[in-house]
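Working through the structure, step by step
The primary structure of each chain is shown beneath.
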Amino acid sequence: MIELKNILKEVLNTYIVQAYMLTDSNYNITEILDQIRAIRKVTIIRNITPPEYAQKANMEYTLVTIKFISRGNPKQDLIQLKQDILTSDRAKTDLRVPGVKTLKFKPETLQRI
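Below is a short write-up of the structure. (Residues numbered from 1 in each chain as written. Predicted model: local features only at pLDDT ≥ 70, side-chain atom pairs only at ≥ 80, totals over all residues. Heavy atoms only, no water.)

1. With respect to the overall build of the chain
- Regarding its fold elements, the chain presents three helices and four strands.
- From first element to last, N terminus to C terminus, the chain shows the α and β order α-β-α-β-β-α-β.
- Per-residue burial over the chain gives 35% buried out of 113 residues.
- For the chain, contacts bridging at least 24 residues in sequence account for 68% of all contacts bridging at least 6.
- If you sum the accessible surface of the chain, you get close to 7,600 Å²; carbon and sulfur atoms cover 51% of it. (Helix = DSSP H or I, 4+ residues; strand = E, 2+ residues; numbered from the N terminus. Buried < 20%, exposed > 50% of the residue type's maximum accessible area, 1.4 Å probe, protein only. Contact = heavy atoms within 4.5 Å. Areas by Shrake-Rupley, 256 points an atom, 1.4 Å probe, with all protein chains shown as cover.)

The following block contains the structure:
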């Protein structure tokens, strides 16, 4: 008998990847991470920035891990996630997630879990 757990594993694949974010220090990093967590396909986002990471006065560099669900090619999903985070569809701001200036995934860290 086929178990639901096995069916879900075949249909939905969970991946994890690390990324660098450059954010405006005027925005709270916790609020930024909460807004990224609300994006479609993202399940978990964690701040793993070491305390000794050098920071600039008005910008904050953050290292994060992002877990997401993919039904197809996870590399294509990374492109879509980046677009969802950085592209605006609102008239108020030029950023979809306010405070995020750039986002760069580390493709070598992409893993299926």
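2. Structural notes on the packing of aromatic side chains
- Here the structure, examined in full by the defined rule, presents one aromatic pair.
- Relative to F68, the ring of Y15 has its centre 5.9 Å away and its plane inclined at 25°; by these criteria the two rings are stacked. Separated by 53 residues along the polypeptide, Y15 in strand 1 (residues 13–24) and F68 in strand 3 (residues 59–70) bring together distant segments of the chain. Taken individually, Y15 and F68 each receive the classification buried, so the pair is uniform in this respect. (Phe/Tyr/Trp six-rings, centres within 6.5 Å; stacked < 30°, edge-to-face > 60°.)

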